[in-house]
Amino acid sequence: MGLSTHVLDTMHGCPAVGMAVALYATHGEAATLLQRLVLNADGRTDAPLFDNASLRAGTYRLTFDVAGYFRSRGVQLPEPNFLTQVSLDFGVAHADQHYHVPLLVSPWSYSTYRGS
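What you see is a predicted model, and the numbers here were worked out from it, not measured in a lab.

Peer 1: Sorry, what's going on with the overall build of the protein here?
Peer 2: Counting its secondary structure elements, the protein contains one helix and eight strands. Of the regular secondary structure in the protein, the N- to C-terminal order runs β-β-β-β-β-α-β-β-β. Compactness check: the protein gives a C-alpha radius of gyration of 14 Å against a globular reference of 13 Å for 116 residues, within 12% of the reference. Once the C-alpha set of the protein is aligned to its principal axes, its extents read approximately 40 × 30 × 20 Å.

Here it is as structure tokens:
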């Protein structure tokens, strides 16, 4: 159970190694930073964002540094880049379930879904 994320770089067909991610708790328009982290060689965090015991019902935001990641890969991006950051706002209704928030991303597009 808990909360996890995984990012796949669809431009290069690989995990988004080294992408910076921030997790926030949100309350209306306000957002409180909970943690910043960098994705590992599998495009995942080294530990769950929340484990089974610490996940709470509520609203959250994951912010992914898309432009920084693709620049670090040597991709020539226009200025300003089409996608600088991707922010995903989502709700956790059942803290006893696992919430997996994957991101598939290129410099020009992204998609997400609730994974398992």
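On we go from here.
Peer 1: Looking at this structure, how should I read the sheet that holds strand E8 (residues 110–112)?
Peer 2: Sheet strands associate in pairs through backbone hydrogen bonding, adopting either a parallel or an antiparallel arrangement. Strand order in this open sheet of four strands is E2-E1-E7-E8, and the pairing throughout is mixed. At either margin of the open sheet sits one strand with a lone partner, and together these are strand E2 (14–15) and E8. Here strand E7 (residues 98–105) runs beside E8; their pairing, made up of three bridges, is antiparallel. Residue pairing across strands places Val105 opposite Tyr110, the latter belonging to E8.

Peer 1: Hey, could you run me through the pairing of E7 in this one?
Peer 2: Both faces of the sheet carry side chains from a regular strand, because those side chains alternate between them. Across the eight residues that make up E7, a large majority, six, are buried. Pairing between strand E1 (residues 2–9) and E7: eight bridges, direction parallel. In the strand pairing of E7, Leu3 is matched with Tyr99. The turn joining E7 and E8, which pair antiparallel and follow one another in sequence, is formed by four residues.

Peer 1: Would you take a moment to explain the pattern of salt bridges for this structure?
Peer 2: In a structure, side chains of opposite charge can pair up when their charged atoms sit close to one another. Under the counting rule described, the total for this entry stands at four salt bridges. Salt-bridge contacts for Arg61 lead to Asp89; the nearest nitrogen and oxygen are separated by 2.6 Å. Of this pair, Arg61 sits in strand E5 (residues 58–64) while Asp89 sits in strand E6 (residues 86–92), and the two are 28 residues apart along the sequence. Overall, the relative accessible area of 53% leaves Asp89 in the exposed class. A salt bridge links Arg71 to Glu79, with the shortest nitrogen-to-oxygen separation between them at 3.1 Å. Of the residues examined, Arg71 reaches a relative accessible area of 41% and is grouped as partly exposed.

Peer 1: Help me understand the packing of aromatic side chains in this model?
Peer 2: Note on aromatic pairs: each is described by the distance of the centres and the angle between the planes. On inspection of all chains with the given rule, the structure shows three aromatic pairs. Three or more aromatic residues link up through ring pairs in this structure, and these residues are Phe50, Tyr60 and Phe90. If you follow Arg114 out to its NZ or CZ, it ends over the ring of Tyr99, 3.8 Å from the centre.

Peer 1: Would you mind showing me how to read the pairing of E5 here?
Peer 2: Most of E5 is tucked away, with five of its seven residues classed as buried. When strand E3 (residues 20–27) meets E5, the two strands line up antiparallel, connected through six bridges. What sits directly across from Ala25, in E5, is Tyr60. Sheet analysis places E5 next to E6, joined by seven bridges and oriented antiparallel.

Peer 1: Hey, could you run me through unusual backbone geometry in this one?
Peer 2: Peptide bonds are mostly trans, and most non-glycine residues show a negative phi. With an omega of 0 degrees, the peptide bond running from Glu79 to Pro80 counts as cis. Secondary-structure assignment places Pro80 in the loop between helix H1 (66–72) and E6.

Rules used in this analysis
- Residues numbered from 1 in each chain as written.
- Predicted model: local features only at pLDDT ≥ 70, side-chain atom pairs only at ≥ 80, totals over all residues.
- Heavy atoms only, no water.
- Helix = DSSP H or I, 4+ residues; strand = E, 2+ residues; numbered from the N terminus.
- Rg over C-alpha atoms; globule rule 2.2 N^0.38 Å.
- Pairing = 2+ DSSP bridges.
- Buried < 20%, exposed > 50% of the residue type's maximum accessible area, 1.4 Å probe, protein only.
- Salt bridge = Lys/Arg side-chain N within 4 Å of Asp/Glu carboxyl O.
- Phe/Tyr/Trp six-rings, centres within 6.5 Å; stacked < 30°, edge-to-face > 60°.
- Lys NZ or Arg CZ within 6 Å of the ring centre and 35° of its normal.

By themselves these figures say nothing about function.
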